[in-house]
2 protein chains.
Amino acid sequence: MATIKDVAKLAGVAISTVSYALNDSTRISQATKDKVLEAAKQLNYRKNGFASDLKRTKTNTIALILSDLAGPFYSELTKGVQEVSMTNGYDLIACSSQGGPQSTAVKFLKEKRVDAAIILAHNISDDIILQSARKGFPIILLDRQLENDFVVQVEVDNYQGGYDATEHLIQHDHKEIAFISGPQNAHDSEMRFNGFKAALRDHDLIHHTKWLMQGDFTREGGYRATKILIAQGNLPSGVFYANDEMAVGGLQAFRENKINVPGDVSIIGFDDIQLAEFTTPPLTTIKQPKYEAGALAMHLILQQLSGQIVNSYYKLSTELIVRKSVK
Amino acid sequence: MATIKDVAKLAGVAISTVSYALNDSTRISQATKDKVLEAAKQLNYRKNGFASDLKRTKTNTIALILSDLAGPFYSELTKGVQEVSMTNGYDLIACSSQGGPQSTAVKFLKEKRVDAAIILAHNISDDIILQSARKGFPIILLDRQLENDFVVQVEVDNYQGGYDATEHLIQHDHKEIAFISGPQNAHDSEMRFNGFKAALRDHDLIHHTKWLMQGDFTREGGYRATKILIAQGNLPSGVFYANDEMAVGGLQAFRENKINVPGDVSIIGFDDIQLAEFTTPPLTTIKQPKYEAGALAMHLILQQLSGQIVNSYYKLSTELIVRKSVK
DNA sequence: CTGTTAGCGCCTTCAG
DNA sequence: CTGAAGGCGCTAACAG
């Protein structure tokens, strides 16, 4: 691999001249530039990104940390992040936190490999984040609350969303409503549950614990929880799934038991994933402003990187998407 | 930001001792290690990843280059890549080639920022790849053919897949079959088309140019192409969409025109995306072994990185998934 | 077991 | 306009 030194030698100039020429400084004559460029091409010279980052002590790249690169859920969010970073000339890399403390994500967070990070990865512990938070290294948290001077949170209003979903069910005359939760400790699931309970309370309805099922945000989890619900006999008239994936699983469970949705039971989800409009029946759900969340996160990073102070908490609102799964 | 130097000073040892201690070398006594670790913690020391990469001249990370990080298509493939890289202790980052020559992907490819790359990004030109290909930098190409000593190709058998799809239609008594292609120059679309033509020929059927529509691999593209097909009057009895996304768009177009699938027209797609089993009717399609492709790509990289020679071309076979869109 | 030292490849003052 | 030189933070001989 040719280095800047080789180019200098071939072009017959000093190393610094090559550096200036390559970075298109005005202090170099066109003739010299041409000579240098020619030599560089001839040697198939590629600059070493690290060496230059090391010198400039900044990388111009932002990390988007996801719990699983293969997860289909993030595409809208990623788009928001991607577009803003691109138009501002920042590089973006995505990495996964699969593998816990050994994961690529943690490595990038801890070692000084990027200028900032956006985190949407429940499998990274608060601890790690706290350890990595430091002056001059903006971290945006999309999926949890965490008090620290150097992290800012962008949250979807899960509480209100949960409230709205539940109220929608109530307004359609459902009085007995089950809730299928996400995994334990999932902050967003909990907030949705709180909204659920509040809506029930405000309408003088009570919540039976037998209609609270633990899921895990996966399709299988929703399927399983629903099967249990069915096995219990005495179905509720409405079910609020803490996310759409689980609702899709639930739909399948109901279908297998010849229970008609929304004829026999109404269901509502959360997220508005792409699939939601294709299920049978199409899923009524709460839409998260994912693109906006991504774009906002990226904007906040840019502001911080340019030295501005930003608030430490932002809340985005949800929207009810009415389709056909509630009667 | 504290450096190794600061740690050394605080711990009262030499710089190299700190380095050894931090990398857990056996040559350092436990007592010294403890002292160093303590000092490091106190200063909230984080090693600078670049500096160390620069020194070792390797990064231990692989880039997965996608044309769009927000694309939903890659999840299976990514999973394959991710799992293999993780179990082998390599870091994986994904980056997008959106933005062409200025994109993050191109930067990573050209500058020496990763040890190897897997490319599935039609919007990166052959040129760039050729320029980046060099000894000691394995590149795996998933989406095109390109002759070079330093790149290896992993391809799905698009020809055979196209052949199988078409033959399936023919075996169900369809004689007039339309083909909706991908974007111009898309290598995979072209191969599928070749398979299509071959199947027709082998069954003594002829292919009318009026039943060849140009799409672009997007849902909208499929929708538009189908609308045109319908507007032409005189529908074919079968349509082969070069990918599932377009088939989903086509389904919508047919529905809007009250044309029943598969009653009035049979359709088949390619890819077997997640959505395919949820459409109405569920889509018959050709499944690509995406997970396998990803895992294979990663394995090939590992082999090359450890100095082994691998073949320069691998072909993976497809599978017909029969659902309900062909009668 | 620990310290000294010479770079990795690049950028950037500071003199010519 | 060009060249010499110092150093970014870290690793790995090599000496003690």
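Given the structure is predicted, the values throughout are model-derived calculations rather than measurements. (Residues numbered from 1 in each chain as written. Chains lettered and ligands numbered in written order. Predicted model: local features only at pLDDT ≥ 70, side-chain atom pairs only at ≥ 80, totals over all residues. Heavy atoms only, no water.)

### A few points about the interface of chain B and chain A
Contact residues are listed per partner, giving 45 residues for chain B and 43 residues for chain A. Roughly 4,400 Å² of surface becomes buried between chain B and chain A when both sides are summed, with 58% attributable to carbon and sulfur atoms. Considering only the side of chain B, the residues that lose the most area to chain A are Arg-46, Phe-50 and Phe-278 of chain B, jointly responsible for 16% of the buried surface there. Counting across the chain B and chain A interface gives 4 salt bridges. Asp-53 of chain A serves as the salt-bridge partner of Arg-113 of chain B, at 2.1 Å between the closest nitrogen and oxygen. (Contact = heavy atoms within 4.5 Å. Buried area = accessible area lost by both parts, 1.4 Å probe. Salt bridge = Lys/Arg side-chain N within 4 Å of Asp/Glu carboxyl O.)

### Let's talk about the sheet that holds strand β6 (residues 177-181) of chain A
Residues and elements named next belong to chain A. Taken together, the 4 strands give an open sheet; going across it, the order is β7-β6-β8-β9, and neighbouring strands pair in parallel fashion. The open sheet terminates on both sides in strands that have one partner only, identified here as β7 (212-214) and β9 (266-268). Pairs of neighbouring strands in the sheet enclose a mean axial angle of 20 degrees, with direction left out of account. Bridge count for β6 against strand β8 (residues 238-241) is 4 bridges, and the pairing is parallel. Pairing of Phe-179 across the sheet is with Phe-240, part of β8. In the packing of helix α8 (residues 158-171) onto the sheet, the strands contacted are β6, β8 and β9, and the crossing angle to β8 comes to about 165 degrees. (Pairing = 2+ DSSP bridges. Helix = DSSP H or I, 4+ residues; strand = E, 2+ residues; numbered from the N terminus. Axes fitted to C-alpha atoms, helices over the stretch in contact; angles between N-to-C directions.)

### Things to note about the packing of aromatic side chains
According to the stated counting rule, one finds 12 aromatic pairs over all chains in the structure shown. Ring plane angle 75 degrees and centroid distance 5.3 Å describe the contact between Phe-179 of chain B and Phe-240 of chain B, whose orientation is recorded as edge-to-face. Taken as a pair, Phe-179 of chain B in strand β6 (residues 177-181) and Phe-240 of chain B in strand β8 (residues 238-241) lie far apart in primary sequence, 61 residues in all. Its relative accessible area of 1% is what places Phe-179 of chain B among the buried residues. Aromatic rings pair up to connect Phe-179, Phe-193, Phe-196, Phe-240 and Phe-270 of chain A into one cluster. Here the basic side chain of Arg-27 of chain B rests over the ring of Tyr-20 of chain B, its NZ or CZ set 4.4 Å away from the ring centre. The ring of Phe-137 of chain B has Arg-134 of chain B sitting right over it, with the charged end atom 4.4 Å from the ring centre. (Phe/Tyr/Trp six-rings, centres within 6.5 Å; stacked < 30°, edge-to-face > 60°. Buried < 20%, exposed > 50% of the residue type's maximum accessible area, 1.4 Å probe, protein only. Lys NZ or Arg CZ within 6 Å of the ring centre and 35° of its normal.)

### Points about the protein's contact with DNA strand C
The immediate surroundings of DNA strand C are formed by 26 residues, with Ile-4, Tyr-20 and Tyr-45 of chain A together with Arg-27 and Thr-32 of chain B found nearest. In this structure, a phosphate oxygen belonging to DNA strand C sits 3.2 Å away from a side-chain N or O atom of Ser-19 of chain A. The contact in question runs from a phosphate oxygen of DNA strand C to an N or O atom on the backbone of Asn-48 of chain A, over 3.0 Å. A total of 4 residues in the surface near DNA strand C trace back to one element, the largest contributor, which is helix α4 (residues 49-56) of chain A. Here the residues of the surface near DNA strand C are counted per class, giving 8 nonpolar, 11 polar and 7 charged. (Near = heavy atom within 4 Å. Polar contact = N/O pair within 3.5 Å; in protein donor to acceptor, adjacent residues only side chain to side chain. Nonpolar A, V, L, I, M, F, W, Y, C, P; charged D, E, K, R; others polar.)

### Here's the deal with the protein's contact with DNA strand D
Near DNA strand D there are 25 residues, and of these Ala-14, Arg-27 and Thr-32 of chain A together with Ile-4 and Tyr-45 of chain B occur at the shortest range. For DNA strand D, a base oxygen lies 2.8 Å from a polar atom in the side chain of Arg-27 of chain A. Residue Arg-27 of chain B places a side-chain N or O atom 3.2 Å away from a base nitrogen belonging to DNA strand D. Top contributing element to the surface near DNA strand D by residue count: helix α2 (residues 15-22) of chain B, with 4 residues.

### Topic: the relation of the copies chain B and chain A
In the superposition of chain B on chain A (RMSD 0.2 Å, axial shift 0.0 Å), the rotation amounts to 180 degrees. Expressed as a symmetry operation, the mapping of one chain copy onto the other fits a two-fold axis. Mapped onto chain A, 96% of the interface residues of chain B again fall at the interface, so both copies present the same surface. (Least-squares fit on C-alpha atoms with pLDDT ≥ 70 in both.)

### Some words on the domain arrangement of chain A
Under the domain assignment, chain A is made up of domain 1 (1-45) and domain 2 (158-288). Each of domain 1 of chain A and domain 2 of chain A has a C-alpha centre, and the two are 64 Å apart. (Domains from an automatic or database assignment.)

### Some words on the UniProt feature "domain: HTH lacI-type" (unreviewed entry) in chain A
According to UniProt, the feature "domain: HTH lacI-type" (unreviewed entry) maps to residues 2-56 of chain A in the numbering used here. With 69% helix and 0% strand, residues 2-56 of chain A has its two end C-alpha atoms placed 21 Å apart. (UniProt positions renumbered as here; feature names shortened; annotations may be inferred.)

### Observations concerning the sheet that holds strand β9 (residues 266-268) of chain B
The pairing of strands in a sheet comes from backbone hydrogen bonds and takes either a parallel or an antiparallel form. All names here are of chain B. The 4 strands are arranged β7-β6-β8-β9 in an open sheet whose pairing can be described as parallel. Since the sheet does not close on itself, it has two edges, and those belong to β7 (212-214) and β9, each with one partner. Averaged over all pairs of adjacent strands, the angle between their axes in this sheet comes to 20 degrees, without regard to strand direction. Pairing geometry for β8 and β9, over 3 bridges, is parallel. Bridge pairing links Phe-240 to Ile-268 in β9.

### A short note on the pattern of salt bridges
As a working rule, side chains carrying opposite charge can pair if their charged atoms are close by. Inspection of every chain in the model, using the stated rule, returns 19 salt bridges over all chains. The salt bridge involving Arg-144 of chain B is made with Asp-143 of chain B; its shortest N-O contact spans 3.6 Å. Accessibility classification places Arg-144 of chain B together with Asp-143 of chain B in one group, the buried group. In this structure, Arg-323 of chain B engages Asp-272 of chain B in a salt bridge whose closest nitrogen and oxygen atoms are separated by 2.4 Å. On the criterion of sequence distance, the pair formed by Arg-323 of chain B in the segment after β12 (319-321) and Asp-272 of chain B in the loop between β9 and β10 (285-287) is long-range, its members being 51 residues apart. Connected through salt bridges with shared partners, the residues Asp-53 of chain A together with Glu-111 and Arg-113 of chain B form a single ionic network.

### A closer look at the packing of helix α10 (residues 219-231) of chain B against helix α11 (residues 244-256) of chain B
Residue and element names in this part refer to chain B. At a minimum axis separation of 6 Å, α10 and α11 run at an interaxial angle of 45 degrees. By the angle between their directions, the pair α10 and α11 is classed as oblique. Here α10 runs over α11; the crossing is right-handed. Of α11, the residues touching α10 (which contributes Arg-219, Gly-222, Tyr-223, Thr-226, Lys-227 and Ile-230) are Glu-245, Met-246, Val-248, Gly-249, Gly-250, Gln-252, Ala-253, Phe-254 and Glu-256. Of the residues that constitute the contact of α10 with α11, the class distribution is 6 nonpolar, 5 polar and 4 charged. (Parallel < 35°, antiparallel > 145°, perpendicular 65-115°, else oblique. Left-handed = near helix turned anticlockwise from the far one by under 90°.)

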